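# Geometric and topological summary
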Amino acid sequence: MFRWRLHGDGRTISPDAIVLPEERLTWPLTIGIGAQHVIAMFGATFLVPLLTGFPPSTTLLFSGIGTILFLTITRNRVPSYLGSSFAFIAPITASTQAHSMGAALGGVMITGILLALLGLLVSRIGTGWIGALMPPVVMGAIVALIGFNLAPTAYENFQESAFTATVTLFAVVLCTALFKGMLGRVSVLLGVLVGYVVAVLRGEVDFSPVAEAAWFGLPEFHHPEFHLGLLPMFLPVVVVLLAENVGHVTSVGLMTHRNLDHMVGRTLASDGLATALSAGFGGSPTTTYGENIGVMSATRVYSTAAYWVAGIVAVLLSLSPKVGAAIFTIPPGVLGGVTFVLYGLIGIVGVRMWVDGRVDFSRPKNQITAGVALVVGIANVTWTFEGITLTGIALGTIAALVIYHAMNVLGRITGTDVHSEPAEAVEPTPHG
């Protein structure tokens, strides 16, 4: 587990070489690369607790612990950082408003356990059934509607301070367009910093909680409550986590010139256990992070030793309540600006799945599947019966699955759908 062989002299990497997961550079260089991974995940990981009301220091603590757990279960074969998952924002927000933070944590914990069980199933029988159940048009629609369902929340924050939100939005856009390499990868974080400075100058930031917070101490812990009526809101998130994990494993496999498909079950189980553990103490749910894939791509260093460093650094940073208090001073206007980008990007990941899966939208079953699911999700159609509430995300997911498979079967029986859809799992670009 903790024996990495030194890559070459440990100081240089030839242009055509990569540092493999079981290799490392010298420890000073490895620590430096691990710090880059912390910087890459920092902005997105902290945005989730800001948007959901979860304690940021607790989120950071279990982000680090979850990463260490992931590396342990995958036996250091899949380099990855587990940051906060944006896919949970909509059900967490709805659950907190309907009941409490504890109720939202309960939903997150059950979802994590289900994902872990799904990982065990995948380890046993493989991934072929996933493509049959959720072909690209279905999976893309579900991911897209989760992002677009959050649009009203972004606009509510935007209205709190339209000027600050607009500056933040354009700062993210300009940083993405102007910078390459690492700066381009952390354009969201840079945009937040620019918006934060503007908010300070406009008197929109209250620093008193930071002054009152201690430098060192344990994070704030909360515990889950279980309301089964809220569970349907969380179930569609499993689809997103499934897509993110498959995409992450595929991307890392391509970059390291290895077939890592046999590791998908372990990555799903690891992510699920990390999410459930985090929810047990008040932290945000986790997922594999595309931001850190960018760091690996830029540095050509895939050493899991760097991720152990990143996980340990995250745990140490979480033990300062002052850090958490400082993060919570980010005002709604800044959040409104940055979430216009982030929520839109979640939706576009779904659209990207359609493109990568070569979905033929000249076929009625694909048109209606995607169209109805998106409208249900964006309108946030809600249905309550016998204490169970189904929101736009849950109903949109059900609509996508039922409409596609019903039209597929009926089309083959009647001859109106003569071409069979290839049942392939999409390999999406991972998202944090």
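Everything that follows concerns the structure shown earlier in this document.
Residues numbered from 1 in each chain as written. Predicted model: local features only at pLDDT ≥ 70, side-chain atom pairs only at ≥ 80, totals over all residues. Heavy atoms only, no water.

## Observations regarding unusual backbone geometry
Short version of the rule: In this text, helices come from DSSP runs of H or I with a minimum length of four residues, and strands from runs of E with a minimum of two, each type numbered from the N-terminal end.
Here the phi dihedral of histidine 257 falls at roughly 60 degrees; this positive angle occurs in a residue that is not glycine. With respect to the helices and strands, histidine 257 occurs in the loop between helix H13 (237-255) and helix H14 (264-279). Phi is positive for arginine 358, close to 50 degrees, though the residue is something other than glycine. By secondary structure assignment, the location of arginine 358 is in the loop between helix H18 (332-356) and helix H19 (364-379).

## Side note on a nonpolar patch on the surface
To be explicit about the condition: Nonpolar side chains (Val, Leu, Ile, Met, Phe, Trp, Tyr) within 5 Å and like charges within 9 Å form the patches, drawn only from residues with over 30% relative accessible area and no salt bridge. Note on areas: Shrake-Rupley, 1.4 Å probe, and residue coverage restricted to the protein chains presented here. Take a side-chain nitrogen of Lys or Arg and a carboxyl oxygen of Asp or Glu: if they are within 4 Å of each other, that pair is a salt bridge.
Taken together, the side chains of Ile113, Leu114, Leu117, Leu120 and Leu235 make up a nonpolar region of the molecular surface, amounting to roughly 430 Å² of accessible area. Among the secondary structure elements, leucine 114 is positioned in helix H4 (residues 101-125).

## Digging into the environment of glycine 411
Condition: Buried residues are those whose accessible area, probed at 1.4 Å on protein chains only, stays under 20% of the maximum for their type, while exposed residues exceed 50% and partly exposed ones sit between those limits. Residues are treated as being in contact if the distance between any of their heavy atoms lies within 4.5 Å.
Inspection of the secondary structure puts glycine 411 in helix H20 (residues 392-414). What makes glycine 411 buried here is its relative accessible area of 3%. Each residue touching glycine 411, except ones within four places of it in the same chain, is listed here: Thr416 and Asp417.

## Concerning helix H10 (residues 187-201)
Worth spelling out the cut-off: What a helix should span is 1.5 Å times the count of its residues minus one.
An ideal rise of 1.5 Å per residue puts 21 Å on 15 residues; H10 measures up with 21 Å between its terminal C-alpha atoms. Of all the positions in H10, only Ser187, Val188, Gly191, Val192, Gly195, Tyr196, Val198 and Ala199 are classed as buried. After H10 finishes, the residue glycine 203 shows a positive phi value of roughly 75 degrees.

## Structural notes on the nonpolar core
Here is the rule: For our purposes a nonpolar core is just a set of buried Ala, Val, Leu, Ile, Met, Phe, Trp, Tyr and Cys residues, chained together by side-chain atoms within 4.5 Å.
Among the nonpolar cores identified, the biggest contains 100 residues, and Leu47, Phe86 and Tyr343 are the most heavily contacted of them. Leaving out residues up to four positions away in the same chain, leucine 47 has contacts with Phe86, Val188, Leu335, Val338 and Leu342. If you look at the next biggest cluster of nonpolar residues, it comprises 5 residues, including Val19, Leu25, Ile33 and Ala306.

## Focus on the pattern of salt bridges
Scanning the model with the defined rule gives 4 salt bridges in all. A salt bridge links arginine 258 to glutamate 22, with the shortest nitrogen-to-oxygen separation between them at 2.6 Å. Remark: glutamate 22 occurs in the loop between strand S1 (5-6) and strand S2 (23-24) and arginine 258 occurs in the loop between H13 and H14; sequence separation between them is 236 residues. The class for arginine 258 is partly exposed, based on a relative accessible area of 34%. For arginine 202, the salt bridge identified is with glutamate 204, shortest N-O distance 3.0 Å. Taking relative accessible area as the criterion, glutamate 204 reaches 25% and is therefore assigned partly exposed.

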